[in-house]
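Given next are the chains, with one letter for each unit.
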Amino acid sequence: MYGVYDRDGILRFVNSDREACLDYAELFGLNSTQFCLMNFVENVNKENDINLDLNLVESNN
């Protein structure tokens, strides 16, 4: 699982395919100084699963 963060640290895109994240950055004209590509799987052990279910997030509005 890869994520593209912008230079302000906001997660802009998540996908299991590294190339899809890079394509997203290219689509929106982000160059390598404007984003950071992080590999989530590499940073998490198998016992702690990452849940990206958007339904778990409450709105502050």
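It should be noted that the structure appears before, not after, this text.
Structure report, in brief. Everything numeric in this text was worked out from a predicted model, so none of it was measured. (Residues numbered from 1 in each chain as written. Predicted model: local features only at pLDDT ≥ 70, side-chain atom pairs only at ≥ 80, totals over all residues. Heavy atoms only, no water.)

1. So, the nonpolar core
No. 1: Among the nonpolar cores identified, the biggest contains five residues, and these are Y2, V4, C21, A25 and F35.
No. 2: Those elements giving two or more residues to this core turn out to be strand 1 (2–6) and helix 1 (18–27).
No. 3: Other than its neighbours up to four places away in sequence, A25 contacts L30 and F35. (Core = buried A, V, L, I, M, F, W, Y, C linked by side-chain atoms within 4.5 Å. Buried < 20%, exposed > 50% of the residue type's maximum accessible area, 1.4 Å probe, protein only. Helix = DSSP H or I, 4+ residues; strand = E, 2+ residues; numbered from the N terminus. Contact = heavy atoms within 4.5 Å.)

2. Section: the pattern of salt bridges
No. 1: Taken as a whole, this structure holds two salt bridges when the rule is applied.
No. 2: Among the ionic pairs, R12 bridges to D6, the shortest N-O distance being 2.7 Å.
No. 3: Notably, a salt bridge pairs E19 with R18, separated by 3.6 Å at the nearest N-O pair.
No. 4: A relative accessible area of 44% means that E19 is categorised as partly exposed.
No. 5: Overall, the relative accessible area of 39% leaves R18 in the partly exposed class. (Salt bridge = Lys/Arg side-chain N within 4 Å of Asp/Glu carboxyl O.)

3. Digging into the packing of aromatic side chains
No. 1: Enumeration over the complete set of coordinates arrives at two aromatic pairs.
No. 2: Centroid distance F13 to Y24: 4.7 Å. Interplanar angle 15°. Geometry classified as stacked. You can see F13 sitting in strand 2 (residues 11–15) and its partner Y24 sitting in helix 1, a full eleven residues away along the chain.
No. 3: Note on F13: relative accessible area 22%, which makes it partly exposed.
No. 4: Aromatic pair Y24 and F28: ring centres 4.8 Å apart, planes at 45°, arrangement tilted.
No. 5: Taken together, F13, Y24 and F28 form an aromatic cluster joined through their ring pairs. (Phe/Tyr/Trp six-rings, centres within 6.5 Å; stacked < 30°, edge-to-face > 60°.)

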